Structure formats: C-alpha cells, structure tokens
Amino acid sequence: MIKFENVSKTYSGGQQALRQVNFHIEPGEMAFLTGHSGAGKSTLLKLISIMERPTVGKVLINGHDLNTIHRRQIAYIRRDIGMIFQSHQLLMDRTVFDNVALPLVIDGYSRKEINKRVSAALEMVGLRDKVRNLPIMLSGGEQQRVGIARAVVNKPPLLLADEPTGNLDPKLSMEIIRLFEEFNQAGVSVFIATHDLGLIARMKYRTLTLRQGQMIDDGLSEDWQTDPLQEDSL
Ligand SMILES: Nc1ncnc2c1ncn2[C@@H]1O[C@H](COP(=O)(O)OP(=O)(O)OP(=O)(O)O)[C@@H](O)[C@H]1O
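Bear in mind that the values here come from a model prediction, so they are computed numbers and not experimental data. (Residues numbered from 1 in each chain as written. Predicted model: local features only at pLDDT ≥ 70, side-chain atom pairs only at ≥ 80, totals over all residues.)

## Some remarks on helix α4 (residues 111-124)
Rule in force here: Note on conventions: DSSP H or I runs of at least 4 residues are helices, E runs of at least 2 residues are strands, and numbering of each starts at the N terminus. How far a helix is expected to stretch is found by multiplying one less than its residue total by 1.5 Å. Burial is judged by counting the other C-beta atoms within 10 Å of a residue's own C-beta: 20 or more makes it buried, 12 or fewer makes it exposed, and any count in between marks it as partly exposed, with every C-beta position built from the backbone. As used here, the arc belongs to the directions running from the helix axis to the C-beta atoms. The contact rule is simple: place each C-beta atom from the backbone, and if two of them lie within 7 Å, those residues are in contact.
Taking 1.5 Å as the rise per residue, α4 with 14 residues should run 20 Å; its terminal C-alpha atoms sit 20 Å apart, in good agreement. Along α4, the residues classified as buried are Ile114, Arg117, Val118, Ala121 and Leu122. Here the buried residues of α4 occupy an arc of 130 degrees about the axis, which is enough to place them on one side. With respect to the buried face of α4, the exposed residues turned more than 90 degrees away are Lys112, Glu113 and Glu123. Tucked into the core, α4 has its buried residues touching α3 (96-106) and α5 (140-152).

Structure, rendered in structure tokens:
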C-alpha cells in the first residue's frame, strides 16, 4: 500500500527533513508514526499525498511509483487517499453536509449519489443529526469527526491522519482512534502521525518512529521498546 525506498527530503531552504527512510505498510494495516516535533512526520505524510516530492528515493502508493507518474495522474492517485488533519480544515461558512459532500462534488457525482454517500459517512461517524449544522455549532471532537466523514466519503482504501487528536482530550482522542479502528476493520489501511505516546501505548498497533528525519524504528523489530536511550529521545 505504502512503500518508501531510501527516501530523503531536503526543503529548498536546505532543511533536511527526511534521511534515507525505508518502510512498507501492507494493505489493510493500521499503524502509527511518531517522533519529536520536527522529526519529519508531516513531511513523510506529505510525500504520500503528493503535496511534496522526495529529493532522493522512491515512494510507491498502491504500486504506483510517484516519481514517474504524470501530473495528470496525481488527482487519480489522491482519490485513493483520505486525509485528516489536526485542524480538520472545514469550510466554516458551509454546513456539515456541504463539507462532507465536497470531494464528491469535485468528482462530479450525481445529487442522489451524493445524498446517499454523505448520509452513510455521517452515520459512520455518528453525526447524522448534525447534517444541517454549521461547523461552528459543533464541539471540537464533532468537527474532527466531520473531517473524518469527508475523508472517507469516497471510500478511499487508505486513510492518512496528521495529529488527528491534537486538540482533543484523552477520552475524545480515544473515540477518534476507535473510529479509525472501525474503518480499518472494514479493510481500510490507516496511517496516523501523532506525538501522543500515551495514546499509542494504549493501542496494540505497529508504531514507526522518526528521529531527526531518520526512521529509527519501523515497528517490526521487537527489542527497541526496552531501549531507554530511544525512549528518552522522543
Ligand atoms: N515547507 C517547509 N520548508 C522548509 N522546511 C520545512 C518545511 N516543512 C517542514 N520543514 C522542516 O522540516 C523538518 C521536519 O518538519 P515536519 O513538519 O515534517 O516535522 P513533524 O515531525 O511533523 O513536526 P511537528 O510534530 O512539530 O508537526 C523541520 O525541521 C521543519 O522545520
């Protein structure tokens, strides 16, 4: 589903955000990505969603080598990826319905199909009764769930989340992660960047760890968690 082969990323200002990163996420897997502030988590997700390009190395999504795809194919590949952000990036002057419908409107779905899919997505996140509300009328956790409904409304096989629980208290954070688990159980691959180690510790998922742009653990080796040096560094 996601494969990085010796990927490095240096921004135009000279800042090296990722250094020779290698990992592989299988279809249907759910995994966390963690690391200190500035470790490169957002950069790594941006390479997957083609918002940034690697300086060196290969990123493969669903078997597509992102280095060789044509500009015209970017929208097509992005359709397979549901993105969720900490700041959820909702349109605050549009209703919950309009926000969730947006990807379908862009893709040219019929009104009938849009109604059906938006209802189903809002049902999944438990917000059907808020369909006509403006985001401002919702709590932080509910706004985040609208962002999740928008990300899943066109049924992408991959969900990417960048600090999706960043603004939420522990109880709401766990509810959001449980929602991701439900999508994962339905076959969706889920990759979540977070610095919330408490949250990760309560889950039993593979955790990949970046430190200063290097993947110091891909979550597959078993003995790193007992290494106090690495725990201290986060
Ligand atoms: N657009 C950019 N231009 C230049 N440097 C950038 C850019 N985006 C990120 N960086 C730098 O790349 C490094 C990695 O940043 P990144 O945002 O990927 O880290 P992060 O692990 O997501 O951090 P945080 O947890 O604080 O969001 C940092 O040193 C950052 O300053």
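Having seen the structure, we can now continue with the description.
## Overview of the sheet that holds strand β2 (residues 16-25)
Working definition: the strands of a sheet are paired by backbone hydrogen bonds and lie parallel or antiparallel to each other. Rule in force here: Pairing between strands requires that DSSP locate at least two bridges from one strand to the other.
Pairing in this open sheet of 4 strands is antiparallel, and the strands run β2-β1-β4-β5 from one edge to the other. Two strands close off the open sheet at either side, each with one partner strand: β2 and β5 (64-65). The pairing of strand β1 (residues 2-10) with β2 spans 6 bridges and is antiparallel. Looking at β2, one finds that Lys9 is bridged to Leu18.

## Section: the packing of α3 against α5
The line we're drawing: Angular values range over 0 to 180 degrees, each being the angle between N-to-C directions of two axes fitted as lines to C-alpha atoms, with helices fitted over their stretch in contact. In these notes the angle categories are as follows: under 35 degrees is roughly parallel, over 145 is roughly antiparallel, 65 to 115 is roughly perpendicular, and the rest is oblique. Take the far helix as your reference; a near helix turned counterclockwise from it by less than a right angle gives a left-handed crossing, and one turned clockwise gives a right-handed crossing. Residue type decides the class: Asp, Glu, Lys and Arg count as charged, Ala, Val, Leu, Ile, Met, Phe, Trp, Tyr, Cys and Pro as nonpolar, and the leftover types, Gly among them, as polar.
α5 packs onto α3 with a crossing angle of 30 degrees between their chain directions and a minimal axis gap of 7 Å. Judged by the angle between their axes, α3 and α5 are roughly parallel. In this structure, α3 meets α5 at a crossing whose hand is right-handed. Across the interface between the two elements, Val96, Asn99, Val100, Leu102 and Pro103 from α3 touch Val146, Ala149 and Arg150 from α5. Residues belonging to the contact of α3 with α5 are distributed by class as follows: 6 nonpolar, 1 polar and 1 charged.

## Here we look at the confidence of the model for the protein
Stated precisely, the cut-off is as follows: What pLDDT conveys is the predictor's confidence in a given residue, as a value from 0 to 100.
Residues at a pLDDT of 70 or more form 94% of the protein, whose mean pLDDT is 90. Scored below 50 in pLDDT, residues 224-234 shows 9 contacts in the model against residues more than four places distant or in partner chains. Across the interface, the model reports ipTM at 0.97; the global pTM reads 0.89.

## Things to note about the nonpolar core
Soluble, globular proteins show a tendency: their nonpolar side chains are buried together. Here is the rule: Joined through C-beta atoms within 7 Å, a set of buried Ala, Val, Leu, Ile, Met, Phe, Trp, Tyr and Cys residues constitutes a nonpolar core.
One finds Ile48, Val100, Ala149, Leu159, Leu160 and Phe180 to be the most contacted residues of the largest nonpolar core, which totals 55 residues. Those residues in contact with Ile48 that sit more than four places away from it in its chain are Ile2, Val59, Ile61, Ile81 and Leu160.

## Re the sheet that holds strand β3 (residues 30-35)
If you trace the 6 strands from one edge of the open sheet to the other, you get β6-β7-β8-β3-β9-β10, paired in mixed fashion. Both outer strands of the open sheet, β6 (81-85) and β10 (214-217), are each paired with one neighbouring strand and no more. Pairs of neighbouring strands in the sheet enclose a mean axial angle of 20 degrees, with direction left out of account. Note that β3 and strand β8 (residues 189-193) share 4 bridges and pair parallel. Across the sheet, residue Phe32 finds its bridge partner in β8, namely Ile192. Against the sheet, α5 engages β6 and β7 (158-162), with an angle of about 165 degrees to β6. Lying over the sheet, helix α6 (residues 170-185) contacts β3, β7 and β8, oriented at roughly 155 degrees with respect to β8.

## Remarks on the pairing of strand β4 (residues 56-61)
Pairing of β1 with β4 involves 5 bridges; the strand directions are antiparallel. Among the inter-strand pairings, Phe4 is bridged to a residue of β4, identified as Val59.

## Some remarks on the site of the ligand
Where we set the bar: In this entry, near means the residue's backbone-placed C-beta atom lies within 6 Å of the molecule or strand.
Taken together, the neighbourhood of the ligand is formed by 13 residues, with Tyr11, Ala17, Ser37, Ser42 and Thr43 sitting nearest. Broken down by element, the residue count for the shell around the ligand peaks at 3 residues, all from helix α1 (residues 41-48). Residue classes in the shell around the ligand are distributed as 3 nonpolar, 9 polar and 1 charged.

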